[in-house]
Amino acid sequence: MHRLFWVECPKCGARWYAEWELRHSDVMLECFACDHKFRADEAEWLDERPAPPG
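What comes next is a walk through the structure.

Conventions used here
Residues numbered from 1 in each chain as written. Predicted model: local features only at pLDDT ≥ 70, side-chain atom pairs only at ≥ 80, totals over all residues. Heavy atoms only, no water. Pairing = 2+ DSSP bridges. Helix = DSSP H or I, 4+ residues; strand = E, 2+ residues; numbered from the N terminus. Buried < 20%, exposed > 50% of the residue type's maximum accessible area, 1.4 Å probe, protein only. Contact = heavy atoms within 4.5 Å. Polar contact = N/O pair within 3.5 Å; in protein donor to acceptor, adjacent residues only side chain to side chain.

Side note on the sheet that holds strand β1 (residues 4-8)
(1) Moving on: Spatially, the 3 strands line up as an open sheet ordered β2-β1-β5, and their pairing is antiparallel. Strands with a single pairing partner mark the edges of an open sheet, and in this sheet they are β2 (15-19) and β5 (46-47).

Spelled out as structure tokens, the structure:
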């Protein structure tokens with residue numbers, strides 16, 4: 001199963017999903033809405049729940 005996580009930009013509050021491999025890496029995420037760069041651990045909101053089966 002392909003796993004993703006949802007993240008919220010700490011600058012503008014936009015939410016989107018990213019590849020699971022980026023969740024615990026040192027790779028900087030870049031917000032699609034405001035171009036702010038941050039690490040996933042800097043987000044105030046994350047949703048790491050696995051997708052429901054089916």
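Once the structure has been displayed, the description carries forward.
A word on the pairing of β1
(1) Moving on: Relative to β2, β1 is paired through 5 bridges, and the arrangement is antiparallel. Bridged to Phe 5 within β2 is Ala 18.
(2) Moving on: Once β1 ends, the chain turns through 6 residues before running back antiparallel as β2, passing Gly 13 with a positive phi of about 85°.
(3) Moving on: Looking at chain direction, β1 and β5 are connected through 2 bridges and run antiparallel.

Observations regarding the environment of Arg 15
(1) Moving on: Among the structural elements, Arg 15 can be located in strand β2.
(2) Moving on: The class of Arg 15 is partly exposed, set by a relative accessible area of 43%.
(3) Moving on: Along the backbone, Arg 15 and Leu 46 are 31 residues apart, and their C-alpha atoms lie at a distance of 9.1 Å.
(4) Moving on: Discounting chain neighbours no more than four positions away, the residues touching Arg 15 are Trp 6, Val 7, Glu 8, Phe 32 and Trp 45.
(5) Moving on: A polar side-chain atom of Arg 15 sits 2.8 Å from a polar atom in the side chain of Glu 8.

Looking at the side chain of Glu 8
(1) Moving on: Following the sequence through the fold, Glu 8 ends up in strand β1.
(2) Moving on: Ignoring sequence-local partners within four residues, the contact set of Glu 8 consists of Gly 13, Ala 14, Arg 15, Phe 38, Ala 43 and Trp 45.

Regarding the environment of Trp 20
(1) Moving on: Inspection of the secondary structure puts Trp 20 in the loop between β2 and β3 (29-30).
(2) Moving on: Through-space distance from the C-alpha of Trp 20 to that of His 2 is 8.4 Å; in sequence the pair is 18 residues apart.
(3) Moving on: For Trp 20, the residues in contact, after removing those within four places along its chain, are Arg 3, Leu 4, Phe 5 and Glu 48.

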